[in-house]
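# Descriptive analysis of the structure
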Amino acid sequence: QVQLVESGGGLAQAGGSLKLSCSASGRMFSNYHMGWFRQAPGKEREFVAAISRSGGNTYYGDSVKGRFTISRDNGKNTVYLQMNSLKPEDTAVYYCAADISITVVVRTPRYWGQGTQVTVSS
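Residues numbered from 1 in each chain as written. Predicted model: local features only at pLDDT ≥ 70, side-chain atom pairs only at ≥ 80, totals over all residues. Heavy atoms only, no water.

## A word on the pairing of strand 7 (residues 68-73)
As a reminder, the rule being used: Exposure is judged per residue with a 1.4 Å probe applied to protein chains only, and the accessible area is read against the type maximum: over 50% gives exposed, under 20% gives buried, and values in between give partly exposed. Elements are defined by DSSP. Helices are runs of H or I of four residues or more, strands are runs of E of two residues or more, and each kind is numbered from the N terminus. A pair of strands is labelled paired if DSSP reports no fewer than 2 bridges between them.
Where burial is concerned, the two faces of strand 7 differ: the one with F68, I70 and R72 is buried and the one with T69, S71 and D73 is not. Bridge analysis of strand 7 against strand 8 (residues 78-83) gives six bridges, and the strand direction is antiparallel. Considered in strand 8, the bridge of R72 is made with V79. In this antiparallel pair of consecutive strands, strand 7 and strand 8, the connection spans four residues, and N77 shows a positive phi of 55°.

Spelled out as structure tokens, the structure:
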């Protein structure tokens, strides 16, 4: 089992940047593929990005391609989401997630953090 805690959310202006972090504890972090999801009020949870165990492969949702970058530091048990060129429609609660399967982590990962709010003002 792995426990996930997100941080770094907050308020940003449109066009600005924020960097989210997700710290993991429990079983070996490097065993897990990691992902980020988001959920805006009244909307379904949306896949944002995922990264393979080694960090060699990354995947992005269409709405964030070219603006967001996922990365990880296995030595620090942490995954990051660098968000640039933010838009008001990026406003949501952002969740960190983990799974041992890369095909599952982009859809229905087993482990979730509690979420961190990101608000982008116009």
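## Thoughts on the packing of aromatic side chains
Keep this limit in mind: Pairing of aromatic side chains requires ring centres within 6.5 Å, counting the rings of Phe and Tyr and the six-membered ring of Trp. Pairs whose planes differ by under 30 degrees are stacked, by over 60 edge-to-face, and all others tilted. In our convention, an over-ring charge means Lys NZ or Arg CZ found within 6 Å of a ring centre and within 35 degrees of that ring's normal.
Counted according to the given criterion, the structure contains four aromatic pairs. Cluster of aromatic residues (ring-pair linked, three or more members): F37, F47, Y95 and W112. The cationic tip of R45 hangs over the ring face of Y95; the distance from NZ or CZ to the ring centre is 4.2 Å. Geometry around F29 places R72 over its ring, the cationic atom sitting 4.4 Å from the centre.

## Focus: the state of the cysteines
Just so we agree on the cut-off: In this description, the term disulfide denotes a pair of cysteine sulfurs within 2.5 Å.
As enumerated under the stated definition, the model contains one disulfide in all. Bridging C22 to C96, the disulfide has an S-S length of 2.1 Å. Taking the sign of the S-S torsion, -80° for the link of C22 and C96, the bridge is left-handed. Here C96 lies in strand 9 (residues 92-99) and C22 lies in strand 3 (residues 18-26), a separation of 74 residues in the sequence. Per residue, the accessibility class of C22 equals that of C96, and both read buried.

## A look at the pattern of salt bridges
For clarity, the cut-off: Throughout this description, the term salt bridge denotes a Lys or Arg side-chain nitrogen within 4 Å of a carboxyl oxygen of Asp or Glu.
Throughout the structure, instances matching the rule amount to four salt bridges. Here D62 ties to K65 by a salt bridge, and the two come within 3.2 Å at their closest N and O atoms. Two residues, R67 and D90, come together in a salt bridge whose shortest N-O distance is 2.7 Å. Within this pair, whereas R67 is found in the loop between strand 6 (58-60) and strand 7, its partner D90 is found in the loop between strand 8 and strand 9, the two being separated by 23 residues in sequence. Across the pair, exposure class does not vary: R67 and D90 are buried alike. Where salt bridges share partners, they join R38, E46, R67 and D90 into one cluster.

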